[in-house]
Amino acid sequence: AAAAPAEGAGDELGGEDGASASNAAAHERALALRPPVSQHVQLLFLMLSVFLERTLTDFSFLRAFYATEVQRYSPQAKADILTCFLRHATGPAARLSPDEVVVALQVLVLPMLRAAVGAGQALQILTPEILWALVTQLLDPLAPHSEPTKVELLRLSTLLIESVPSRLVEHRKQDLLKFAWIHLKSDESVSKQCAYVNVCHFIHQYETPSKIILQVYVSLLRTFQPDARPLVRQALDILTPALPRRLPKGNHIYPTWVKWTKKILVEEGHSLPQLIHIWQLVVRHPSLFFASRAQFVPQMVNSLNRIGLSQNTSADNRHLAIDLTALVIKWEQQRQAAAAAAGVGTASTHAGGKRALAEGEGEAEAAKRMRAASGNAAPGATAAPAGGAAEDDFTPSAAIVEIVVNFLIRISLASGQDTGGQAQAGSGSASATQAAATQKAGLALATHSSELLRAALKLWPDVNLKLISFEKQLLLVEKQLQQSPEQLLAVLSVLRVLQTVVAAQPRFASRQLPALHALLQPVFLQHASYAKVVVAICDLLGTLMAQLAEPAGEGSEEGGISAHYGLHARFVSSLIQATFTAHERDGLLFPAVHLLDATAPHCPELLDAHVVALIKLLHRLAKDHGTRGARSEGEKKEGRESDVDSGSAMLRTCLRLLQQMPRLLDVAEARKPCFQALVLLIDRSHDVEVLSEVLKTLAGWLLSPAHAAAQGAQTGGSGLSLKERANFVLKLLQLESLHAPELQRRFLRVVHSLYSHPAAHRAHELLPKIERAFMAGLRASDPSLRAEFFALYDGSIGRSPRQRVEYILQLQDWESLAGTFWLRQALELLLTTVDAEAPVRPAAGSLRLPTAQEARAGLVA
């Protein structure tokens, strides 16, 4: 419980000169000489009596009138309301009962004054005589008041201190502070905490004896009861920013208020509510405790597990624990930024010269060393940081860093597990909405902790991490999965946290690679039917492959990086093979395909090892694609979902993998099935995205000299033969029927490349066989593309009109343009032979009419 103020502390308030007797008399005369208030103002107080009776009549309109209309009164009218209130509430002739005084303050006076302060009218309303009457007559510390009246009067006093502190100077010591101080000894919780808020405002505005400030601060630190929490938090948030000004540290290393905070933390920190109360204060005011962070960070880190990971801990406590870790990270980032700005290196030199953690050292040993670093000396003593370093140079030790990072890992995993449990509890119950809100909050907490984990790993890249947390969590989740399938959310949470760790600390992956393989393999095989789990594991394995594929720098500890790369490649290959074998009959091949897609960019050898299985899968998917697409159209009309999207996505993934295999055509077993699958897709598919990947695959083969057969001969396993190239180009002409302009434009670009650079693509003998595709370019809907094709067409024919006419009528086969107005191309060929610069003249010997000049000359003759 909070310590009551000492009896002698109030004596320091005496001895100060208050308002002189002459000033008091002048104020009293001025108040008495104020003109009588109008009946309208008196009516405002008479109407307040309706709020004292319980009735079925709705008087909310009257409360709204006080809240809106009265606020629009002029400053003079508001001053009259205060005068009327003082005359009716004080003195021997008071008309208002204590309950009416409370209602008047709640409904009329305090809202009116708050609105006036916001509008800048406080000095016009609170004239010296009214202010004198409020302080000396209404705020009488010796007057007997009921608990509700005390609360409202304390709120009035607080509002006066906030709004007109300069005019209260003559009353502050003798009247205002005594009025609040006497209520600090009250047995009633609300009035007592309101008095603390009042005193804190007073300390913030005026010079106050240091003994009183320290006593109020310590009492507030020891007041952690739930019923007093909001007002105590408000009082501390007002007082704490003023402490550096009111209680400077002087010649001491730490200010007095920091010493007392540490003292209460150590002596009374065994009480969890007390501990939480102090840490909440530190979290709300991080800049004030930054300079003395060495006094708090060890205890802060030591209490993380107790606050955030204990059984049945509340969501607020978990948020506080995460905020504490965020504060440690923020303070270290601030220190490094200041050091960088000052030109000082930010190397990881731990405070006190503590040795770095060994790789095999456990978290328990780290906690022991951290507690030894923090020490158990008397909190009131001025203990300088270990090693004599300056306070601004305090750096968390290796033990502290390890505990912070591993706590973030554990809290992220615990948040994911709770999210899965909440989803199970809320399903099919009346509290589904509440469970959904709780689940959303849990996801937000897990996301925030993951972001902090990423920031911590970036700040401390050499921290020692433990894989056992992931192993325990997955083992626990697997046991719960038999009863609640919703726990898959917890599996996803484990995988996402592990992905964050692996992406931020590559060294962790190389050190723990065999253990990671043993951890991920059963999860991948058991949950292969859940796409989200498969995607998360594949992304994780792809990240590992990308990191291990990077060459190690010279002198690096990871000299065996190539061995790790080969080990991981063999593990991934075994997973792919196991998935292909285990799920070939039931058709569940998505895991193998997605795993290849995630790892093949960093390990092309995986594609070569599984090319036959991949081509068989492609052929199977191509055969089912047309039937599945037709079924999907029917189901969409009936309003039901279909798995056609997943089949198309797998097809696109397989086709993208084909594009990454430059030696695919060298594999005799895969060549024919691959060609058949591509032809099936061109003939039967109406999916533009799938056909786009088919076109991209064939374009790579058609335009690559390595895949072009020499002199049109049949190949024995290397590249495309002349016949195969021609067949594929002519097959792709069917894309015109899909009405997909972009897809058709890309196909015509391939044809244009073959004709414009035949030597580069070894296409001299191919061009006559694909003339139909070229003629399709002459009727392209894109004007610029059509002009490019015509430029090639025009350049391949003689320029004389006779040659053009002979070509048009005898040589050119216009059958491919039968569906269009082919005379347009023929006329354009003829018109291009005309010289646009030469004047137009009739042929020699042709008949012509005489000109007008010749006709006039003939008439004259």
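Residues numbered from 1 in each chain as written. Predicted model: local features only at pLDDT ≥ 70, side-chain atom pairs only at ≥ 80, totals over all residues. Heavy atoms only, no water.

Student: Is there a simple way to explain the overall build of the protein in this structure?
Tutor: Across its full length, the protein carries 41 helices and 0 strands. With 861 residues in all, the protein has 47% of them scored as buried. Of all intrachain contacts in the protein linking residues separated by at least 6 positions in sequence, the fraction that spans at least 24 positions is 75%. Summed over its atoms, the accessible surface of the protein is roughly 41700 Å², and 55% of this surface lies on carbon and sulfur atoms. (Helix = DSSP H or I, 4+ residues; strand = E, 2+ residues; numbered from the N terminus. Buried < 20%, exposed > 50% of the residue type's maximum accessible area, 1.4 Å probe, protein only. Contact = heavy atoms within 4.5 Å. Areas by Shrake-Rupley, 256 points an atom, 1.4 Å probe, with all protein chains shown as cover.)

Student: Explanation requested: the packing of aromatic side chains in the structure shown.
Tutor: Two aromatic rings are characterised by how far apart their centres lie and by the angle between their planes. For the structure shown, the criterion picks out 10 aromatic pairs. Relative to Y206, the ring of F202 has its centre 4.9 Å away and its plane inclined at 55°; by these criteria the two rings are tilted. Considered together, F202 and Y206 belong to a single accessibility category, that of buried residues. A centroid spacing of 5.5 Å and a plane angle of 75° characterise the contact between W257 and F289, whose relative ring orientation is edge-to-face. Residue W257 is found in helix α14 (residues 256-268), and its partner F289 is found in helix α16 (residues 286-289); the two are separated by 32 residues along the sequence. Take W257 and F289: they sit in the same class, and that class is buried. What links up through ring pairs into an aromatic cluster is the set Y217, W257, F289 and F296. In this structure, R293 is placed above the aromatic ring of F290, and the distance from its NZ or CZ to the ring centre is 4.2 Å. (Phe/Tyr/Trp six-rings, centres within 6.5 Å; stacked < 30°, edge-to-face > 60°. Lys NZ or Arg CZ within 6 Å of the ring centre and 35° of its normal.)

Student: Please clarify how the packing of helix α33 (residues 668-684) against helix α35 (residues 722-731) should be interpreted in this entry.
Tutor: The geometry of a pair of packed helices is captured by two quantities: the angle between their axes and the separation between those axes. Relative orientation of the contacting elements α33 and α35 amounts to 20°, with a least axis distance of 10 Å. The angle between α33 and α35 places the two elements in the roughly parallel class. Between α33 and α35 the crossing geometry is left-handed. Taking contact as the criterion, the partners of R671, F675, L678, V679, I682 and D683 in α33 are, on α35, E724, F728 and K731. Class assignment of the residues belonging to the contact of α33 with α35 gives a composition of 5 nonpolar, no polar and 4 charged. (Axes fitted to C-alpha atoms, helices over the stretch in contact; angles between N-to-C directions. Parallel < 35°, antiparallel > 145°, perpendicular 65-115°, else oblique. Left-handed = near helix turned anticlockwise from the far one by under 90°. Nonpolar A, V, L, I, M, F, W, Y, C, P; charged D, E, K, R; others polar.)

Student: What's the story with the packing of α14 against helix α15 (residues 272-284) in this structure? I'm lost.
Tutor: Their axes nearest at 9 Å, the elements α14 and α15 cross at an angle of 155°. Between α14 and α15, the angle falls in the class roughly antiparallel. Seen along the crossing, α14 lies across α15 with a hand that is left-handed. Packed against α14, whose contacting residues are T261, I264, L265 and E268, the element α15 presents Q274, L275, I278 and W279 at the interface. Taken together, the residues that form the contact of α14 with α15 break down as 5 nonpolar, 2 polar and 1 charged.

Student: Looking at this structure, how should I read helix α11 (residues 210-221)?
Tutor: Along an α-helix, residues three or four positions apart point the same way, because every turn accommodates 3.6 residues. Here α11 spans 16 Å end to end across 12 residues, near enough to the 16 Å set by a 1.5 Å rise per residue. Counting buried positions along α11 yields 10 of 12 residues, so the element is predominantly enclosed. Every buried residue of α11 is listed here: I212, I213, L214, Q215, V216, Y217, V218, S219, L220 and L221. (Expected span 1.5 Å × (residues − 1).)

Student: Even after reading the chapter, I still don't get a nonpolar patch on the surface, so can you show me in this structure?
Tutor: The grouping of L823, L827, L831 and V834 at the surface amounts to a nonpolar patch, some 390 Å² of accessible area in total. Note that L827 resides in helix α40 (residues 823-831). (Patch = residues over 30% accessible without salt bridge, like charges linked within 9 Å, V, L, I, M, F, W, Y side chains within 5 Å. Salt bridge = Lys/Arg side-chain N within 4 Å of Asp/Glu carboxyl O.)

Student: What is the right way to look at the pattern of salt bridges in this model?
Tutor: Note on pairing: side chains with opposite charge can pair once their charged atoms come close. One pass over the structure, following the stated rule, counts 15 salt bridges. Here R246 makes a salt bridge to E207, at a shortest N to O gap of 3.0 Å. Of this pair, R246 sits in helix α13 (residues 243-246) while E207 sits in the loop between α10 (189-205) and α11, placing them 39 residues apart in sequence. Between R663 and D608 there is a salt bridge, with its nearest N and O atoms 2.9 Å apart. Within this pair, whereas R663 is found in the loop between α32 (644-659) and α33, its partner D608 is found in helix α30 (residues 605-609), the two being separated by 55 residues in sequence.

Student: Where do I start with unusual backbone geometry in this structure?
Tutor: Both trends apply: most residues other than glycine have a negative phi, and most peptide bonds are in trans. Phi is positive for N312, close to 60°, though the residue is something other than glycine. Looking at the element boundaries, N312 is found in the loop between α18 (304-308) and α19 (315-341). A residue is classified by how much of its surface remains accessible, and N312, at 82% relative accessible area, is exposed. Positive phi is not limited to glycine here, since H739 has a value of about 55°.

Student: Which parts of the structure should I look at to understand the side chain of S510?
Tutor: Within the secondary structure layout, S510 lies in helix α25 (residues 506-511). At a separation of 2.9 Å, a polar atom in the side chain of S510 contacts the main-chain carbonyl oxygen of R507. (Polar contact = N/O pair within 3.5 Å; in protein donor to acceptor, adjacent residues only side chain to side chain.)

Student: What exactly am I supposed to notice about the environment of F508 here?
Tutor: Within the fold, F508 resides in helix α25. What makes F508 buried here is its relative accessible area of 3%. Taking C-alpha positions, F508 is 9.2 Å from D462, a pair spaced 46 residues apart along the chain. With residues near it in sequence (within four places) discarded, F508 still touches L465, L467, L498, V501 and V502.

Student: Where do I start with the environment of V805 in this structure?
Tutor: Within the secondary structure, V805 sits in helix α39 (residues 801-811). C-alpha of V805 to C-alpha of L830: the two residues are 25 residues apart in sequence and 7.4 Å apart in space.

Student: Sorry, what's going on with the confidence of the model for the protein here?
Tutor: Across the protein, the average pLDDT comes to 79, with 79% of residues at 70 or higher. Summarising per-element confidence for the protein, the mean pLDDT is lowest in helix α20 (residues 363-374) (48) and highest in α15 (95). Across residues 633-644 the pLDDT falls below 50, and counting only partners more than four positions away or on other chains, this stretch makes 9 contacts in the model. (pLDDT = per-residue confidence, 0-100.)

Student: I keep staring at helix α26 (residues 513-526) and nothing clicks. Help me out?
Tutor: In this model, α26 (14 residues) spans 20 Å end to end at C-alpha, consistent with the 20 Å of a helix rising 1.5 Å per residue. Restricting attention to buried positions, one finds in α26 the residues L513, L516, H517, L519, L520, V523 and F524.

Student: What am I meant to see in the environment of E828 here?
Tutor: Take E828: it is sitting in helix α40. The sequence separation of E828 and D794 amounts to 34 residues, and the corresponding C-alpha distance is 9.2 Å.

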